[in-house]
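Summary of the model geometry
Chain by chain, the residues run as shown.
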Amino acid sequence: GNVDAEAKKVDATIKADTTLTTDEKNAQLAKVETDRQAANDNIDKAADSDAINATTAAGIQKIDADHVPGRQRSTKRQLKRVMSMPKPRRYRMPSRPIRP
């Protein structure tokens with residue numbers, strides 16, 4: 001129920017995250033699936049409605065924690081590129097005024 005919906009939401013968020021590499025995405029997606037299955041198993045084993053609610057909340061919290069955004073990789077590269085560009089020439093005023 002709620003756990004599966006949360007897993008789908010986090011799954012979509014991970015897939016849409018452009019800061020993650022393919023390997024990082026695959027690792028996080030596998031973790032979401034593992035935690036989803038574990039949460040559903042724990043819900044099935046729960047004795048009463050309070051236990052079901054507690055395990056559902058714990059499962060959702062754990063699934064939410066599975067998405068760790070990556071850092072922007074391109075900023076360092078862009079900064080390096082900008083720093084290596086030639087600096088524009090400054091216009092220098094002539095030392096004495098030009099008279100017509």
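In case you missed it, the structure is sitting above this.
Residues numbered from 1 in each chain as written. Predicted model: local features only at pLDDT ≥ 70, side-chain atom pairs only at ≥ 80, totals over all residues. Heavy atoms only, no water.

1. Side note on the environment of Asp 48
You can see Asp 48 is positioned in the loop between helix H2 (22–45) and helix H3 (49–64). Of the polar contacts made by the side chain of Asp 48, one reaches the backbone nitrogen of Ala 51; its length is 2.9 Å. (Helix = DSSP H or I, 4+ residues; strand = E, 2+ residues; numbered from the N terminus. Polar contact = N/O pair within 3.5 Å; in protein donor to acceptor, adjacent residues only side chain to side chain.)

2. Details of the environment of Ala 58
Within the secondary structure, Ala 58 is located in helix H3. Distance in space between the C-alpha atoms of Ala 58 and Asn 42 is 9.9 Å, their sequence separation being 16 residues.

3. Description of H3
Helix length check: H3 (16 residues) gives 22 Å between terminal C-alpha atoms against 22 Å at 1.5 Å per residue, within 8%. Within the sequence span of H3, burial applies to Thr 56, Gly 59 and Ile 63. Down the axis of H3, the buried side of the element spans an arc of 65 degrees, and every buried residue falls inside it. Residues of H3 that are exposed and angled more than 90 degrees away from the buried face: Asp 50, Asn 53 and Gln 61. (Expected span 1.5 Å × (residues − 1). Buried < 20%, exposed > 50% of the residue type's maximum accessible area, 1.4 Å probe, protein only. Arc of directions from axis to C-beta.)

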